[in-house]
Number of protein chains: 2
Amino acid sequence: MKSPSQPRDRGIPEATVARLPLYLRALHGMAERGIATVSSEDLAVAAGVNSAKLRKDLSHLGSYGTRGVGYDVEYLVYQISRELGLTQDWAVAIVGVGNLGRALANYGGFVSRGFRVAALVDADPEVVGDTIAGLNVEHIDDLEAVIKRRGVSIVVLATPAAAAQEVCDRVVAVGVTSILNFAPVVLSVPESVDVRKVDLSIELQILAFHEQRKAGGPLMAVDSQ
Amino acid sequence: MKSPSQPRDRGIPEATVARLPLYLRALHGMAERGIATVSSEDLAVAAGVNSAKLRKDLSHLGSYGTRGVGYDVEYLVYQISRELGLTQDWAVAIVGVGNLGRALANYGGFVSRGFRVAALVDADPEVVGDTIAGLNVEHIDDLEAVIKRRGVSIVVLATPAAAAQEVCDRVVAVGVTSILNFAPVVLSVPESVDVRKVDLSIELQILAFHEQRKAGGPLMAVDSQ
DNA sequence: CCGACTTTGTGCATCGGTTCACAAAGGGAT
DNA sequence: ATCCCTTTGTGAACCGATGCACAAAGTCGG
Ligand SMILES: NC(=O)c1ccc[n+]([C@@H]2O[C@H](COP(=O)([O-])OP(=O)(O)OC[C@H]3O[C@@H](n4cnc5c(N)ncnc54)[C@H](O)[C@@H]3O)[C@@H](O)[C@H]2O)c1
Ligand SMILES: NC(=O)c1ccc[n+]([C@@H]2O[C@H](COP(=O)([O-])OP(=O)(O)OC[C@H]3O[C@@H](n4cnc5c(N)ncnc54)[C@H](O)[C@@H]3O)[C@@H](O)[C@H]2O)c1
């Protein structure tokens, strides 16, 4: 038995990283349905991408397929999970337990992929001390202590926009380097910190742009002027 | 007075469209603070992008700046808003009024940008009939009627994954061509329909990938092998 | 009215990502 | 053991996006 190909390149393209979770989701579904082996073509359809792209993406992790056959589902799940760092558990803290923070805290979909909501933090005395999704809401004054105590490495920011930068600065100061930001502000962080943002309002605006094009289309009269 | 430059090109790059809302947000902040004029450099910093990129983006809309001075804040707000189709009101329906749907319904940030939550729809008899954020939750059986009656043109999907494709098919069948999907599934739609997806789990997985790299870093021992 | 200064708008080189298309690899049938 | 069929892995062309760097345009002080 020859040695299986090593993870070939430590530099995986960002676009590929963003798609790996998609493949993983599709593969999990297949594993559940008892599918043992899958071709790049079938997996690509399930994940909603082009099959050449899928193969190139996977080739960045190593050579895990068998020509003429396809990919072993279980094995590929493992390889992608390992690459994404999902073989370990990640402790996540949610700061800002309002409408959105609550929804996130109650969401079961995170746990299933190796993420554990380990702490909820808020500034409002009305909210602090409440139990949400089995967790005690802690006070923002204890932010640093909570993060250290619970081993939090990823922080989700769901505070109002005005508070986001300050909270961000504080978590960065205690060593957090991964932040998921829901507040509609541009966070300023050191280069070493990763911030991903989710802005629903922006998504809607992009949809509106295209919707307008479709409606107004090739030759709609202008409204004014 | 010479005629102002026309919107130069009807084909605006997708990457540019995705950034226009960012500029708009920054500009609104400036307008509120009474700033009348802004340079590409300052606006770029506020929006978190490179100033050359900003100028190129804006140049796709037309030539709205003044050399040596910058851009008129109010005027630029108007031009970007018009380009994005925010001068009109968009009626949005939220289907699936659970944890997430409720958070979205209660969120004030949409209305402020020309989006109006015009309908809430759910399948659960416990939820149907409730009033959330001043809106009556309607039954999924009436989905088509509600969409037509309220003039909904954008649908937000916040149902469980299993129900998303079916709801999607139904709204597409009544003519909706813009969908914002929160369910972790790849929706299958005709080419003419725009689907944007928000998947928090994917965002966390991307963060985890980078976090692992930082931690494991240049030379961490492998766990197995 | 002029000249120095500021800032835009864009040509161009570059880069990362996508897609095509095919040689090489492997499995299974005979 | 050989051949045929399927499917991977990837070289290379292509495409859109980025960012540099600067000429053109316009302002403002004198
Ligand atoms: N709810 C949505 O659907 C939605 C959609 C898009 C964006 N957002 C953004 O997400 C963020 C949260 O939205 P929301 O609707 O949950 O708002 P919310 O007002 O319901 O909740 C905000 C919570 O943050 C807490 N908070 C305020 N200052 C804090 C601080 N300094 N430290 C810790 N906690 C603090 C408040 O006590 C409150 O519980 C906002 O920035 C909002 O713009 C929300
Ligand atoms: N809550 C989160 O933070 C979060 C995060 C990421 C993704 N998501 C995704 O968003 C979706 C909603 O999440 P949630 O936490 O609000 O779930 P939820 O179970 O709280 O809410 C789902 C709602 O959809 C309704 N529903 C079910 N079938 C329906 C149908 N056929 N038509 C109309 N309504 C129907 C249910 O009655 C329920 O009210 C899920 O797909 C979930 O995976 C949620």
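Residues numbered from 1 in each chain as written. Chains lettered and ligands numbered in written order. Predicted model: local features only at pLDDT ≥ 70, side-chain atom pairs only at ≥ 80, totals over all residues. Heavy atoms only, no water.

Some remarks on the pairing of strand β5 (residues 115-122) of chain B
Residue and element names in this part refer to chain B. In terms of residue burial, β5 counts as a mostly covered element, since seven of its eight residues are buried. The pairing of strand β4 (residues 90-95) with β5 spans six bridges and is classified as parallel. The partner of isoleucine 94 across the bridge, within β5, is leucine 120. Strand direction decides the pairing type here: β5 and strand β7 (residues 135-139), joined by three bridges, are parallel. (Buried < 20%, exposed > 50% of the residue type's maximum accessible area, 1.4 Å probe, protein only. Helix = DSSP H or I, 4+ residues; strand = E, 2+ residues; numbered from the N terminus. Pairing = 2+ DSSP bridges.)

Considering empty space enclosed by the protein
The tally for this structure, following the rule as stated, stands at one cavity of 30 Å³ or more. Here the largest cavity defines a volume of roughly 60 Å³. For the largest cavity, the full set of lining residues is A:Val92, A:Ile94, A:Leu104, A:Phe110, A:Val117, A:Val156, A:Leu180, A:Phe182, B:Leu200 and B:Leu204. Secondary-structure elements contributing two or more residues to the lining of the largest cavity are β4 (90-95) of chain A together with α8 (200-216) of chain B. (1 Å grid on protein atoms, 1.4 Å probe; cavity = no way out; pocket = protein on both sides within 12 Å on 5 of 7 lines; lining within 4 Å. Points joined across faces, edges and corners; volume = space filled by probe spheres on them.)

Details of the site of ligand 2
Near ligand 2 lie 23 residues; those nearest to it are A:Tyr107, B:Asn99, B:Leu100, B:Asp122 and B:Thr159. Lying at an intersection of chains, ligand 2 is approached by residues of chains A and B. Within the side chain of B:Asp122, a nitrogen or oxygen atom sits 2.5 Å from an oxygen atom of ligand 2. Within the backbone of B:Ala123, an N or O atom sits 3.3 Å from a nitrogen atom of ligand 2. (Near = heavy atom within 4 Å. Polar contact = N/O pair within 3.5 Å; in protein donor to acceptor, adjacent residues only side chain to side chain.)

Observations regarding α8(B)
Residues and elements named next belong to chain B. Look at α8: 24 Å from first C-alpha to last across 17 residues, which is about the 24 Å you get at 1.5 Å a residue. Taking burial as the measure, the 17 residues of α8 include 14 buried ones, the bulk of the element. The backbone nitrogen of serine 201 lies 3.0 Å from a side-chain oxygen of the residue at the head of α8, namely aspartate 199. (Expected span 1.5 Å × (residues − 1).)

Notes on the interface of chain B and chain A
Contacts between the two partners involve 64 residues from chain B and, on the opposite side, 64 residues from chain A. It is B:Leu204, B:Gln205 and B:Leu207 that lose the most area in chain B upon contact with chain A, and together they represent 12% of the buried surface on that side. Between the two partners, chain B and chain A, sit eight salt bridges. The closest approach of N and O atoms between A:Glu203 and B:Arg196, which form a salt bridge, is 2.4 Å. At the junction of chain B and chain A, the tally comes to 24 residue pairs in polar contact (both at pLDDT 80 or more). Breaking the side of chain B that touches chain A down by element, the ones donating at least two residues are α1 (14-32), α2 (40-47), α4 (73-84), α5 (99-105), β8 (154-157), β9 (178-181), β10 (194-197) and α8 of chain B. With 15 residues, the single largest contributor to the side of chain B that touches chain A is α8(B). The residue inventory of the side of chain B that touches chain A, partitioned by class, reads 34 nonpolar, 16 polar and 14 charged. (Contact = heavy atoms within 4.5 Å. Buried area = accessible area lost by both parts, 1.4 Å probe. Salt bridge = Lys/Arg side-chain N within 4 Å of Asp/Glu carboxyl O. Nonpolar A, V, L, I, M, F, W, Y, C, P; charged D, E, K, R; others polar.)

Points about the domain arrangement of chain A
Split by domain assignment, chain A resolves into domain 1 (14-83) and domain 2 (90-202). For domain 1 of chain A and domain 2 of chain A, the distance between their C-alpha centres works out to 31 Å. (Domains from an automatic or database assignment.)

Observations concerning the relation of the copies chain B and chain A
For the pair of chain copies, the relating operation is a rotation around an axis with a shift along it. Overlaying chain B on chain A yields an RMSD of 0.0 Å, the required transformation being a rotation through 180° with an accompanying axial translation of 0.0 Å. Expressed as a symmetry operation, the mapping of one chain copy onto the other fits a two-fold axis. (Least-squares fit on C-alpha atoms with pLDDT ≥ 70 in both.)

Points about the UniProt feature "domain: CoA-binding" (unreviewed entry) in chain A
The UniProt record marks residues 85-186 of chain A with the feature "domain: CoA-binding" (unreviewed entry), using the residue numbering of this structure. The span residues 85-186 of chain A is 28% helical and 28% strand by assignment, and the distance between its end C-alpha atoms comes to 27 Å. (UniProt positions renumbered as here; feature names shortened; annotations may be inferred.)

Remarks on helix α2 (residues 40-47) of chain A
Note that an α-helix has 3.6 residues per turn; residues three or four places apart therefore point the same way. All names here are of chain A. Within α2 the residues assigned to the buried category are Ser40, Leu43, Ala44 and Ala47. Down the axis, α2 shows its buried residues gathered within 105° of arc, on one side only. Where α2 is buried, its residues meet α1 (14-32), β1 (37-38), α3 (51-59), β3 (70-72) and α4 (73-84). Immediately downstream of α2, the backbone of glycine 48 shows phi near 75°, a positive value. (Arc of directions from axis to C-beta.)

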